[in-house]
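An overview of the molecular structure
The lines below spell out each chain.
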Amino acid sequence: ARAASRKRLWLGLLRGVTLLALGGTVLWVGVNAYSEGKRRRDTLHDWTSDPLFAEAARGEGLLLTGSDLSLIQLRSRRPILLNAGALDGLTYVPECSPAMNRILKQVYGIDLLDPPEEIRKARPGALLRHTGKSLWEARTPEEWAQVRKEFGVTNVLCYSDWSLQLPKLAQNREFSLYRIPE
């Protein structure tokens, strides 16, 4: 009886220590995740702190953003042609569907009514990071001029690992800003 009592005591102590260790680990991970999120929010690079976004802010006309970029209007103080990172807004304004599909087809090479399987599976309601990259890199300056004429975009902002056949105005670690000639 005494051995059984001692065994229960040790098992209870072991459970308590295990729960304490797990709880401490979860708390530590949570605090670090919160701190990292706060640090990222506090260091938002925008037109006031990043030369690329300052250059974008000086531009006129619409800004064309690559694939899934978001918060670009906030960061650049420029109107954008389409927020391709949030295409699920169609349910709120269904009247914009034809115009949005025209932009998606002609600018991004995507049909809203028949999106690629990878988009349907991975991220319905938004484009993926690499969506349109090969199309945009293959587009000639003359084709870009047609996009400018048709949609009123004067600059293109995309990821820095994209290489467009356009004059580059600015680049940072994350993005490149291009000018579309008339």
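Now for a look at the structure at hand. Every chain is numbered independently, its residues counted from 1 as its sequence is written. Local features are withheld for residues below a pLDDT of 70 in this predicted model, meaning they are given only at 70 or higher, and side-chain atom pairs are given and counted only at 80 or more; totals for whole chains, interfaces and linings count all residues. Based on all heavy atoms of the structure, the side-chain values leave hydrogens and waters out of the count.

**Comments concerning the nonpolar core**
Nonpolar core, defined: a set of buried Ala, Val, Leu, Ile, Met, Phe, Trp, Tyr and Cys residues in which side-chain atoms within 4.5 Å join the residues together. Partly exposed residues are those whose accessible area sits between 20% and 50% of the maximum for their type, while under 20% is buried and over 50% is exposed, using a 1.4 Å probe and protein chains only. Counting residues in hydrophobic clusters, the biggest one holds 38 residues, and the most contacted among them are Leu64, Val107, Tyr108, Trp136, Trp144, Val156 and Leu157. Aside from chain neighbours lying at most four places away, what touches Val156 is Leu63, Leu64, Trp136, Trp144, Leu164, Leu166, Ser176, Leu177, Tyr178 and Ile180. Should any heavy atoms of two residues lie within 4.5 Å, those residues are considered in contact.

**As for the environment of Lys7**
Elements are defined by DSSP. Helices are runs of H or I of four residues or more, strands are runs of E of two residues or more, and each kind is numbered from the N terminus. Tracing the backbone shows Lys7 in helix H1 (residues 2-42). Look at Lys7 and you get exposed, because its relative accessible area is 57%. As for Lys7 and Thr48, which are separated by 41 residues in sequence, their C-alpha atoms are 65 Å apart.

**Regarding the sheet that holds strand E4 (residues 175-179)**
We call two strands paired when DSSP finds no fewer than two bridges between them. Taking strand neighbours across the sheet as the criterion, the 4 strands line up as E1-E2-E4-E3 in an open arrangement whose pairing is mixed. The sheet is open, and its two borders are formed by strand E1 (62-65) and strand E3 (168-171), each paired with just one other strand. For this sheet, the mean angle separating the axes of adjacent strands, direction not counted, is 20°. In terms of strand pairing, E3 meets E4 through 3 bridges, oriented antiparallel. Residue pairing across strands places Gln171 opposite Ser176, the latter belonging to E4. For helices, the fitted line uses only the C-alpha atoms of the stretch in contact; every axis is such a line through C-alpha atoms, and the angle between N-to-C directions lies from 0 to 180 degrees.

**Structural notes on the pattern of salt bridges**
We define a salt bridge as a side-chain nitrogen of Lys or Arg found within 4 Å of a carboxyl oxygen belonging to Asp or Glu. Within the structure shown, the criterion is met by 4 salt bridges. Residue Arg129 pairs with Asp161 through a salt bridge whose shortest N-O separation is 3.5 Å. Here the residue Arg129 occupies a position in the loop between helix H5 (117-122) and helix H6 (133-138), and Asp161 occupies one in the loop between strand E2 (153-159) and E3, the gap between them amounting to 32 residues. By relative accessible area, Arg129 is classed as partly exposed at 38%. You can call Asp161 partly exposed: its relative accessible area is 43%. Put simply, Glu182 and Arg148 hold a salt bridge, and the shortest N to O gap is 3.5 Å. You can see Glu182 sitting in the segment after E4 and its partner Arg148 sitting in helix H7 (residues 141-151), a full 34 residues away along the chain.

**Remarks on helix H2 (residues 51-58)**
Residues of H2 that are buried: Leu52, Phe53, Ala54 and Ala56. The inward-facing, buried residues of H2 contact helix H3 (72-76), E2, E3 and E4. Two N or O atoms form a polar contact when they lie within 3.5 Å of each other; inside protein one atom must be a possible hydrogen donor and the other a possible acceptor, and for residues adjacent in sequence the pair counts only when both atoms belong to side chains. N-cap assignment for H2: the residue whose side-chain oxygen lies 2.8 Å from the backbone N of Leu52 is Asp50.

**Description of the packing of aromatic side chains**
Stacked, tilted and edge-to-face are the three classes assigned to paired rings of Phe, Tyr and Trp, where Trp is represented by its six-membered ring and a pair needs centres within 6.5 Å; plane angles under 30 degrees give stacked, over 60 edge-to-face, the rest tilted. Following the criterion strictly, the structure yields 6 aromatic pairs and no others. With a centroid separation of 5.8 Å and 70° between ring planes, the pair formed by Phe53 and Phe175 is classed as edge-to-face. Remark: Phe175 occurs in strand E4 and Phe53 occurs in helix H2; sequence separation between them is 122 residues. The same class applies to Phe53 and to Phe175, which are both buried. Ring geometry for Trp136 and Trp162: centres 5.6 Å apart, planes at 85°, overall edge-to-face. Here the residue Trp136 occupies a position in helix H6, and Trp162 occupies one in the loop between E2 and E3, the gap between them amounting to 26 residues. Across this residue pair, the class does not change: Trp136 and Trp162 are buried. Within the aromatic cluster, the residues linked to one another by ring pairs are Phe53, Tyr108, Trp136, Trp144, Tyr159, Trp162 and Phe175. We call a charge positioned over a ring when the NZ of a Lys or the CZ of an Arg lies within 6 Å of the ring centre and within 35 degrees of the ring normal. A cation sits over an aromatic face here: Arg129 above Tyr159, 3.7 Å from the ring centre. Between Arg139 and the ring centre of Trp144, over which it is positioned, the NZ or CZ distance is 4.8 Å.

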